[in-house]
Structure formats: C-alpha cells, structure tokens
Amino acid sequence: MMLKVLYWVLTLVDVFVALIILISALSHRLLNAVYISRGYSIGLLIAGIGFMLQVAINVPFLLFDVILTPYQSSFFIFKDIGIGIVTISYCIHPPSTNLPSSKKFPHKRAAK
C-alpha cells in the first residue's frame, strides 16, 4: 500500500515538473532571447518528454499492478539526454552577461 502511495506521489510530481519544463521551454521569452542558445530549448524539451515518459511507465503499476522496470523500457534516458544537452549548451555558449535592459534611463547632460 505504501509503495502505491509513493508511486502516486512520484507520478504527480513528475507530471507537475514536466509541465513546468515544457512550458518554460516553449515560452516566448526563451525562444526569442538572443542571448540564450537554442540548445537550452531543445534540451528542456527532451527532458520534459523524459519526465512524461516516466509517468507513462508508472501508470501500469498504478492502474493494473504491473511493475515495469526502467530497463524494460529505455525511456528514462530522455531525461539524462535533455539535461546533458542543456549542460553542453551552457559550456559551449554560456549566457551573455550583456542582458538587454527592460528600462533605459535617460542620460542627464552636464550643464554648460
């Protein structure tokens, strides 16, 4: 019984995390940002898909009491690949320190 509750909690957490990752990967700000590499978006999408596939692995146990080990279906590797792509993108193209400012202050001219 306790194992089933743990799987329900893990499944709900995975769904919540996957939705956050997928929404952030597809957000307008991230896709149009000049100072962020496309590898971040691609890596986040793959990691989000990996979380959703992990949910799909947990569903047979929750509904039918069939235990699938991760080695029977190699979908768990999507999370690792996605995080690896984000890490490699960060190492190759780190985010720029010259971020566009949202507020531009007018320069005051010196009095003559």
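The structure under discussion appears in the preceding block.
In this text, all values refer to a predicted model and were calculated from it rather than measured experimentally. (Residues numbered from 1 in each chain as written. Predicted model: local features only at pLDDT ≥ 70, side-chain atom pairs only at ≥ 80, totals over all residues. Heavy atoms only, no water.)

Some words on the side chain of Thr11
Filter applied, for reference: Under the scheme used here, helices are H or I runs from DSSP no shorter than 4 residues and strands are E runs no shorter than 2 residues, and both carry numbers assigned from the N terminus. When accessible area is computed with a 1.4 Å probe and restricted to protein chains, residues below 20% of their type maximum are described as buried, those above 50% as exposed, and intermediate ones as partly exposed. Any pair of residues with heavy atoms lying within 4.5 Å of one another is described as a contacting pair.
As for its placement among the helices and strands, Thr11 is situated in helix α1 (residues 2-25). For Thr11, a relative accessible area of 6% translates into the label buried. Contact partners of Thr11, with chain neighbours within four places excluded, come to Val55, Asn58 and Leu62.

As for the environment of Ile46
By secondary structure assignment, the location of Ile46 is in helix α3 (residues 38-64). Remark: the alpha-carbon pair of Ile46 and Asp80, spanning 34 residues in sequence, is separated by 8.9 Å. Residues within four places of Ile46 in sequence aside, it is in contact with Phe78, Ile81, Gly82 and Ile85.

Points about the packing of α3 against helix α4 (residues 77-92)
Quick note on the threshold: Fitted lines through C-alpha atoms give the axes, limited to the stretch in contact for helices. The angle between two N-to-C directions lies from 0 to 180 degrees. The labels follow the angle: roughly parallel below 35 degrees, roughly antiparallel above 145, roughly perpendicular from 65 to 115, and oblique for the rest. For a crossing to be left-handed, the near helix must be turned anticlockwise from the far one by less than a right angle; the clockwise case is right-handed. Gly counts as polar in this scheme, as do all residues outside two lists: the nonpolar Ala, Val, Leu, Ile, Met, Phe, Trp, Tyr, Cys and Pro, and the charged Asp, Glu, Lys and Arg.
Packing of α3 against α4 leaves a shortest axis separation of 7 Å and a crossing angle of 165°. Relative to α4, α3 is oriented roughly antiparallel. The handedness of the crossing between α3 and α4 is left-handed. Packed against α3, whose contacting residues are Gly39, Tyr40, Ile42, Gly43, Leu44, Ile46, Ala47, Gly50, Phe51, Leu53 and Gln54, the element α4 presents Phe78, Lys79, Ile81, Gly82, Ile83, Ile85, Val86, Ser89 and Tyr90 at the interface. Class assignment of the residues belonging to the contact of α3 with α4 gives a composition of 13 nonpolar, 6 polar and 1 charged.

Focus on the side chain of Asp14
For clarity, the threshold we go by: For the charge count, each Lys or Arg is scored as positive and each Asp or Glu as negative, with His and the chain ends excluded. Whenever Lys or Arg places a side-chain nitrogen within 4 Å of a carboxyl oxygen from Asp or Glu, that contact is recorded as a salt bridge.
Here Asp14 is to be found in helix α1. Buried charge without a salt bridge: Asp14, with Lys79 as the nearest opposite-charge side chain at an N-O distance of 5.2 Å. Excluding its chain neighbours within four sequence positions, the residues that come into contact with Asp14 are Phe51, Gln54, Val55 and Asn58.

A short note on the packing of aromatic side chains
Put simply, the rule reads: Stacked, tilted and edge-to-face pairs are distinguished by plane angle, under 30 degrees for stacked and over 60 for edge-to-face with tilted covering the rest, among Phe, Tyr and Trp rings (Trp via its six-membered ring) whose centres lie within 6.5 Å.
In total, this model carries 1 aromatic pair according to the counting rule given. Pairing Tyr7 with Phe61 gives two aromatic rings, centres 4.6 Å apart and planes at 50°, and the pair type is tilted. Taken together, the positions of Tyr7 in helix α1 and Phe61 in helix α3 put the pair 54 residues apart, joining distant regions of the chain. Classification of Phe61 as buried rests on a relative accessible area of 9%.

A look at a nonpolar patch on the surface
Inclusion rule: Residues forming no salt bridge and having over 30% relative accessible area are the ones grouped into patches, like charges within 9 Å of each other and nonpolar side chains (Val, Leu, Ile, Met, Phe, Trp, Tyr) within 5 Å. Reported accessibility uses the Shrake-Rupley method at a 1.4 Å probe radius. Residues are deemed covered only where the shown protein chains occlude them.
Taken together, Trp8, Leu12, Val59, Leu63, Phe64, Val66 and Leu68 make up a surface patch of nonpolar side chains, about 670 Å² in accessible area. When residues of the nonpolar patch are traced back to their parent elements, those giving at least two are α1 and α3. Summarising the element assignment, Val59 is placed in helix α3.

Side note on the packing of α1 against α3
In a packed pair of helices, the relevant descriptors are the angle between the two axes and the axis-to-axis distance. α3 packs onto α1 with a crossing angle of 155° between their chain directions and a minimal axis gap of 8 Å. As summarised for this structure, α1 and α3 are arranged roughly antiparallel, according to the angle between their axes. Taken as a pair, α1 and α3 cross one another with a handedness that is left-handed. Within the contact of α1 with α3, the residues separate by chemical class into 17 nonpolar, 6 polar and 2 charged.

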